[in-house]
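What follows is the residue order along each chain.
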Amino acid sequence: MRPETLLYPTPKGLFCEAGGFYIDPVHPVDKALITHGHADHARSGHGEVLATRETLEIMTIRYGADFCRQSQEAALGETMTIGDVTVSFHPAGHVLGSAQIAVSRAGTKIVVSGDYKRRRDPTCLPFEPVSCDVFITEATFGLPVFHHPPDADEVGKLLTSLRQFPERAHLVGAYALGKAQRVIMLLREAGYHEPIYIHGALVKLCDYYLSKGIALGELRPATVTAKEKPAFAGAVVIGPPSAFADKWARRFPDPIPIFASGWMLVRQRAKQRGVELPIIISDHCDWAELTDTIREIRPGQVWVTHGREEALVRWCELEGIKARPLHLVGYDDEGE
Amino acid sequence: MRDFAELLDRLVLTPSRNAKIRLLTDYFRTAPDPDRGYALSALAGTLTLSTVKPNVLRQLMLERMDPVLFQYSYDYVGDLAETISLVWEGTEPDEADVGDLSLGSIVEQLQSVGRANVRDLVRNLLDRLDGSSRFAFLKLITGSMRIGVSSRLVKQALGEMGTVDVGEIETLWHGLLPPYVELFAWLDGHSGRPELTMPAVFHSVMLATPVGDKDLENLDPADFVAEWKWDGIRVQLANLSGTRRLYSRSGDDISGAFPDILEAVDFEGVIDGELLVGGTLRSNQATRSFSDLQQRLNRKAVTRKTIEEYPAFLRGYDLLFDGPRDMRPEPFDVRREALAKLIATTPPLHFDLSPLVPFSSWEELDRLRTAPPDPVIEGIMLKRRDSPYTPGRMKGPWFKWKREPYNIDAVLMYAQRGHGKRSSYYSDFTFGVWTAGDKGDVLVPVGKAYFGFTDAELEVLDRYVRNNTVERFGPVRSVRAEPDQGFVVEVAFEGIAFSSRHKSGVAMRFPRISRLRTDKLPRDADRLETLVSMIDAGAPVTDDA
Ligand SMILES: [Zn+2]
Ligand SMILES: [Zn+2]
């Protein structure tokens, strides 16, 4: 069958008519297949939800046990039949529990990769290439400017600054699901074994990662009273980026604003946000990972969604691969 | 290169002065020679490399990249050097093959490469450097090391590194050359203070602060001498061991434009004075105006006819070296006496001595100030009799007290196209002065002017705007305006008042650009406090209040 009829964009999200389900819908629907737990992909209020166990657990933590009417666990690599189509989930390497979703019918196979990355992440399973007719890729960093440097070098910058400014608190902005835990793991791998202080918004998810056997080391709540202020000299404090404008951030001793994000590659971005120490760590593919993945999978067609579609479509054309932008709305192009 | 690149990345994003100094001292302590010396010269603006044109870089990029993808990238990033540093895909680093990528080696390669091989060298280095180093490298070869670090701050870091006073660094500075190996050996404590090898070097000049409200109240007139402040340009003339140089106050060598003065030098030493045109006091002919002097400025060479029509001379203010003897530690009185003796022996058409103004009270001096005997006088200088000659602007030893209080030195910030016959020029200018911001000094706009300058000056201003645009907002361009890079103009105005409608909190009446101060650096421009003190001192109230 023609892939355009197997999956197509609607205002509620990507719809599979033959299976009667949506993938990562942005509005409540009867049946939703969810790639991963980030808020713009996993929303509450659906009827049935099919996702990996971790994604379901993360949704429970975020929205409460009644986030949907009925949930069903998808085991990685296992084929399921829904209506007239078969679906299977495969690791995406984006955050804990993240999966690509393959949808097939009558010899046509589409892989919805959700958000993904190719480099090593100690907090989740690596991306698994799945051959297909249509590969739907994100393009958050879909411009040739994005070449994310090695993670260890970036964490090294933070460690250097801790040595250089031992009297200052090092406030690291990192998204609560995935990025925060990855930064902690990278610090541990680099030999940093001091307690790491975390903002209240990170506690539940970090506890969850710990319960999954991910060794984040000693974490302490980052609550400061005037008396404890000096204790944060030279400490690493991790919080959601939104907390940095709050009074909370100003209680630390002469804090250095740090942000762990793929966007930090562009100096003007760092400057605009008042970031003094940008740490370029991304949970999305950079340009080379995107193009290498497309070359590796060699799908018949590429459909490009949230991010900078035009450059990646152009690159596919130059490579002789059929490509088109898939205009989906409601996803966060910037969150990372 | 890597550690230098990381230093630049940190400096750009670090607002605090002290943190910048810490980053700099840490780098200078750990980086080897000659890397740190070249880094120092890149930061302080003394590194001369033949620069590579943006167009060449663009061509190198397009040899290996689709123009459409490049355009998408450039549109997103906005800065050519940064775009190329990010999109360039280097060859896979083959450990054995990378070669020496130290800053020192790269600078030396760039300095020795022939014109014909520049492209190949740049391409080759871009291939071998990592992303952040590529950015630093491109900034070096495009000559746009704009990272919010003044050469003064760098020298302060050097002072801190070697626990020596920054004044000592300033004193040595113009006599040393990149890569400053002797300087660092001294700061590291491995050797003594470097000996200056080049004798006729520029020595940083001593500057005055404006007389502010109540500044004089507690000072004894007997401790000071007064002399006229002449309306020319401040210069330093050096003649030591057969090397003669004339420098502007910021250290630019302007010898080429003043062969008449250099030829007339028949003494050894270093004099601080005012460059003027016309007759000296010793020849009994009138000193001529600043606009006559301008006929001699900003030239690389000069014709005999111009010299005859606009003869230049130097009016001596101070003596830094008497022969080889360093006079700077001596009190002003002693230096002045030696200067007077020296000037008496010089050719009378090219040298004279700035006359002192006797006075016994501040009130008397104030009267003299407002009614000076010569139109080429713009005010009074006050110098403490016991003050040594110290580089920089310190409050206390020297004051300037201007005749016409309503003019300031300001920095061009924005320019807009004019109207009618001026529509092809950038002729409406917004200018600003310094004020303390959260993160160090910043320029705050204080007014707009669109006249006062001559057509020839407009050409100069327009060209500056076109070559130094930082950003465009519709018809308005913002121009480069940093402590060491920018354009200083003298602004004259009829009155000033507090105004809540302006961000600066002050409004001028009838401001006009009275003079281009190409001899000054933006860091020497006035501060907002000076404008406020003009209001406090009772400048005519504007109708904007
Ligand atoms: Zn995501
Ligand atoms: Zn996403």
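Structural data are supplied above this passage.
Values in this document were obtained by computation on a predicted structure and should not be read as measured data.

Asks: Please explain the packing of aromatic side chains as it appears in this structure.
Replies: To describe a pair of aromatic rings, you give the distance between the ring centres and the angle between the ring planes. Going through the model one piece at a time under the given rule, you end up with 27 aromatic pairs over all chains. Ring centres of F146(A) and W263(A) lie 5.6 Å apart, and the angle between their planes is 85°; this geometry places the pair in the edge-to-face category. Of this pair, F146(A) sits in the loop between β11 (134–139) and α3 (151–164) while W263(A) sits in the loop between β16 (256–260) and α7 (267–272), and the two are 117 residues apart along the sequence. Both residues of the pair, F146(A) and W263(A), count as buried. For the ring pair F267(B) and F351(B), a centre distance of 5.6 Å and an interplane angle of 80° mean the geometry is edge-to-face. Residue F267(B) is located in the loop between α13 (259–264) and β6 (269–277), and its partner F351(B) is located in strand β9 (residues 351–353); the two are separated by 84 residues in the primary sequence. Like F267(B), the residue F351(B) is buried in the burial classification. Linked through ring pairs, Y197(A), F232(A), F244(A), W248(A) and F252(A) together constitute an aromatic cluster. A cation over an aromatic ring shows up here: R315(B) above the ring of W230(B), its NZ or CZ 4.1 Å from the ring centre. Looking at K383(B), its charged tip hangs above the ring of W398(B), at a distance of 4.2 Å from the centre.

Asks: I would appreciate a short explanation of the interface of chain A and chain B in the present structure.
Replies: For an interface, size is often stated in terms of accessible area lost upon the parts coming together. Between chain A and chain B, the residue contacts involve 30 residues of the former and 26 residues of the latter. A combined buried area of about 2,500 Å² lies between chain A and chain B, and 59% of that area is made up of carbon and sulfur atoms. Inspection of the region where chain A meets chain B yields five salt bridges. Run the count over chain A and chain B and you get 10 residue pairs in polar contact (both at pLDDT 80 or more). Of all the elements in the fold, those that place two or more residues in the side of chain A that touches chain B are α3, α7, β17 (277–279) and α9 (309–318) of chain A.

Asks: Is there a simple way to think about the coordination of the zinc ion (ligand 2) in this case?
Replies: Metal coordination angles in their ideal form are 109.5 degrees for the four-donor tetrahedron and 90 or 180 degrees for the six-donor octahedron. Residues and elements named next belong to chain A. On the protein side, the zinc ion (ligand 2) has H41 (NE2), D115 (OD), D115 (OD) and H306 (NE2) as donor atoms, found 2.1 to 2.5 Å from it. Around the zinc ion (ligand 2) sit four donor atoms; with metal-centred angles ranging over 56 to 128°, the donor geometry is irregular. Every donor residue of the zinc ion (ligand 2) comes from the same chain, spaced as H-x73-D-x190-H. Given the relative accessible area of 3%, D115 is considered buried.

Asks: Would you explain the sheet that holds strand β12 (residues 398–402) of chain B in this entry?
Replies: Residues and elements named next belong to chain B. Taken in spatial order, the four strands line up as β2-β12-β10-β3 in an open sheet, and their pairing is mixed. Two strands in the sheet have a free side with no partner beyond their single neighbour: β2 (209–210) and β3 (224–230). By the bridge criterion, five bridges tie strand β10 (residues 377–384) to β12 in an arrangement that is antiparallel. By the bridge assignment, G379 is partnered in β12 with K402. Those strands touched by helix α16 (residues 332–344) are β3, β10 and β12, and its axis lies near 55° from that of β3. Where helix α17 (residues 362–370) meets the sheet, it contacts β3, β10 and β12, and its direction lies at approximately 50° from that of β12.

Asks: Any chance you could explain the packing of helix α5 (residues 67–77) of chain B against helix α6 (residues 80–87) of chain B here in plain terms?
Replies: Residues and elements named next belong to chain B. For the pair α5 and α6, interaxial distance at closest approach is 9 Å and the crossing angle is 125°. Comparing the axis directions of α5 and α6 gives the class oblique. The hand of the α5/α6 crossing is right-handed. Each of F70, S73, Y74 and V77 in α5 lies in contact with α6, whose residues at this interface are L80, E82, T83, I84, L86 and V87. In terms of residue class, the contact of α5 with α6 is built from seven nonpolar, two polar and one charged.

Asks: Quick question: what am I supposed to make of the sheet that holds β11(A) here?
Replies: Strand pairing in a sheet relies on backbone hydrogen bonds, with the paired strands running either antiparallel or parallel. All names here are of chain A. Pairing is mixed across the open sheet formed by seven strands, whose spatial order is β7-β8-β9-β10-β11-β18-β19. Edge strands, defined here as strands with exactly one partner in the open sheet, are β7 (79–82) and β19 (322–325). Neighbour to neighbour, the strand axes of the sheet diverge by 25° on average, direction disregarded. Here five bridges tie strand β9 (residues 99–105) to strand β10 (residues 108–112), and the two strands are oriented antiparallel to one another.

Rules used in this analysis
Residues numbered from 1 in each chain as written. Chains lettered and ligands numbered in written order. Predicted model: local features only at pLDDT ≥ 70, side-chain atom pairs only at ≥ 80, totals over all residues. Heavy atoms only, no water. Phe/Tyr/Trp six-rings, centres within 6.5 Å; stacked < 30°, edge-to-face > 60°. Helix = DSSP H or I, 4+ residues; strand = E, 2+ residues; numbered from the N terminus. Buried < 20%, exposed > 50% of the residue type's maximum accessible area, 1.4 Å probe, protein only. Lys NZ or Arg CZ within 6 Å of the ring centre and 35° of its normal. Contact = heavy atoms within 4.5 Å. Buried area = accessible area lost by both parts, 1.4 Å probe. Salt bridge = Lys/Arg side-chain N within 4 Å of Asp/Glu carboxyl O. Polar contact = N/O pair within 3.5 Å; in protein donor to acceptor, adjacent residues only side chain to side chain. Donors = N, O, S within 2.8 Å, 3.2 Å for Na, K, Ca; no water. Tetrahedral: all angles 85-135°; square planar, octahedral: opposite > 155°, others 65-115°. Pairing = 2+ DSSP bridges. Axes fitted to C-alpha atoms, helices over the stretch in contact; angles between N-to-C directions. Parallel < 35°, antiparallel > 145°, perpendicular 65-115°, else oblique. Left-handed = near helix turned anticlockwise from the far one by under 90°. Nonpolar A, V, L, I, M, F, W, Y, C, P; charged D, E, K, R; others polar.

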